[in-house]
Amino acid sequence: MKDYFSPGSLITVAGGALTVVGAIAYTTGSANLSLPTIFYGIPILLGGLALKSSELPPAMRITPVEALRSQREAADPELGKLVNDVTRWRYGQKAHLESSLEALKLWDDDNPPQLEEIEELDTQDGYGLRMRFQLGAVSLERWTEREARLGRFFAKGLRAEIKDLGGDQLDLLLLPVQAT
């Protein structure tokens, strides 16, 4: 249920409902009901609209939450935090992983890369992630230049693989370092 309704939407609907109830109460002469509902309804409605204007929806989660729970819990906790972070509603950001992409110099202020989906993987070497990005104004060459650093950046013991999907998309695979 939480995946379908953002907090901004719920607050906007609640504020709108209170405002409508207050307006109806005002027109019917119910001063006891109209004053508090309008008094609280309009600011709540405006707050909800402000949240909606700065809303960033969660990345699409390909793997169901329960599917790889034991592997996720056994893996580096940073990966679990990463999955939880990008699969929730965000406010006031242009893209998921904004600060991480800025630190990796994979950021463009006007047209940043957008994380579209995330998938948890159970490989022969252990738990990993696949993240699909819409490149925006950051070139594929910049991503491939930083491929060696990407795995180490998100958690120890990871390696990164970049797969060009064409059409301004790429898959970033974060996989455990292969056992030798």
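Higher on the page you've got the structure.
Residues numbered from 1 in each chain as written. Predicted model: local features only at pLDDT ≥ 70, side-chain atom pairs only at ≥ 80, totals over all residues. Heavy atoms only, no water.

A short note on the side chain of Glu55
Among the secondary structure elements, Glu55 is positioned in strand E1 (residues 55-56). When its relative accessible area of 18% is taken as the criterion, Glu55 is described as buried. Here Ser6 takes part through its side chain, which lies 2.5 Å from a polar atom of the side chain of Glu55. Within the structure, Glu55 has its side chain in polar contact with the side chain of Lys52 (distance 2.8 Å). Each residue touching Glu55, except ones within four places of it in the same chain, is listed here: Ser6, Gly8, Ser9, Trp89, Arg90 and Tyr91. (Helix = DSSP H or I, 4+ residues; strand = E, 2+ residues; numbered from the N terminus. Buried < 20%, exposed > 50% of the residue type's maximum accessible area, 1.4 Å probe, protein only. Polar contact = N/O pair within 3.5 Å; in protein donor to acceptor, adjacent residues only side chain to side chain. Contact = heavy atoms within 4.5 Å.)

Considering the pairing of strand E6 (residues 158-166)
Two elements, E6 and strand E7 (residues 169-176), share eight bridges in a ladder whose sense is antiparallel. If you follow Ile162 over to E7, its bridge partner there is Leu172. Here E6 folds back onto E7 in antiparallel fashion, the turn holding two residues, of which Gly167 has a positive phi close to 60 degrees. (Pairing = 2+ DSSP bridges.)

Considerations on the packing of aromatic side chains
The way to describe two aromatic rings as a pair is by their centre distance and the angle between their planes. Within the structure shown, the criterion is met by three aromatic pairs. Taking the centre distance of 5.2 Å and the plane angle of 75 degrees together, the rings of Phe39 and Tyr40 count as edge-to-face. Residue class for Phe39 comes out exposed when judged on its relative accessible area of 56%. On the basis of an interplanar angle of 45 degrees and a centroid distance of 5.0 Å, the ring pair of Phe133 and Trp143 is categorised as tilted. (Phe/Tyr/Trp six-rings, centres within 6.5 Å; stacked < 30°, edge-to-face > 60°.)

A few points about the pattern of salt bridges
If you walk through the whole model with that rule in mind, you get 15 salt bridges. The partner of Asp85 in a salt bridge is Arg90, with the nearest N and O atoms 2.1 Å apart. Given the relative accessible area of 23%, Asp85 is considered partly exposed. (Salt bridge = Lys/Arg side-chain N within 4 Å of Asp/Glu carboxyl O.)

Here's the deal with the nonpolar core
The tendency in soluble globular proteins is for nonpolar side chains to be buried side by side. If you look at the biggest cluster of nonpolar residues, it comprises 30 residues, and the most contacted ones within it are Leu97, Met131, Phe133, Trp143, Leu150, Leu172 and Leu174. If you list the elements that add at least two residues to this core, you get helix H4 (77-86), strand E4 (114-123), strand E5 (126-134), helix H7 (147-154), E6 and E7. In this structure Phe133 touches Leu97, Leu101, Pro113, Gln114, Leu115, Trp143, Asp168, Gln169, Leu170 and Leu172, once residues within four positions along its chain are discounted. (Core = buried A, V, L, I, M, F, W, Y, C linked by side-chain atoms within 4.5 Å.)

Focus on the sheet that holds E5
The five strands are arranged E2-E4-E5-E7-E6 in an open sheet whose pairing can be described as mixed. Each end of this open sheet is capped by a strand with a single partner; those strands are strand E2 (60-61) and E6. The sheet contacts of H4 involve E2, E4, E5, E6 and E7, and relative to E5 the element is tilted by about 35 degrees. Strands E6 and E7 of the sheet are contacted by H7, whose axis makes an angle of about 125 degrees with E6. (Axes fitted to C-alpha atoms, helices over the stretch in contact; angles between N-to-C directions.)

Focus: the packing of helix H1 (residues 7-27) against helix H2 (residues 31-53)
Relative orientation of the contacting elements H1 and H2 amounts to 150 degrees, with a least axis distance of 7 Å. Taken together, the axes of H1 and H2 lie roughly antiparallel to each other. The two elements H1 and H2 cross, and the hand of that crossing is left-handed. Per-class residue counts for the contact of H1 with H2 are 14 nonpolar, twelve polar and one charged. (Parallel < 35°, antiparallel > 145°, perpendicular 65-115°, else oblique. Left-handed = near helix turned anticlockwise from the far one by under 90°. Nonpolar A, V, L, I, M, F, W, Y, C, P; charged D, E, K, R; others polar.)

Some words on H7
Among the residues of H7, Leu150, Gly151 and Phe154 are the ones counted as buried. The arc that holds the buried residues of H7, viewed along the axis, is 90 degrees, so those residues lie on one side. When the buried face of H7 is taken as reference, the exposed residues oriented beyond 90 degrees from it are Ala148 and Arg152. Buried positions along H7 lie against H4, helix H5 (98-103), helix H6 (140-145), E6 and E7. (Arc of directions from axis to C-beta.)

Any functional reading would require information beyond the geometric quantities listed.
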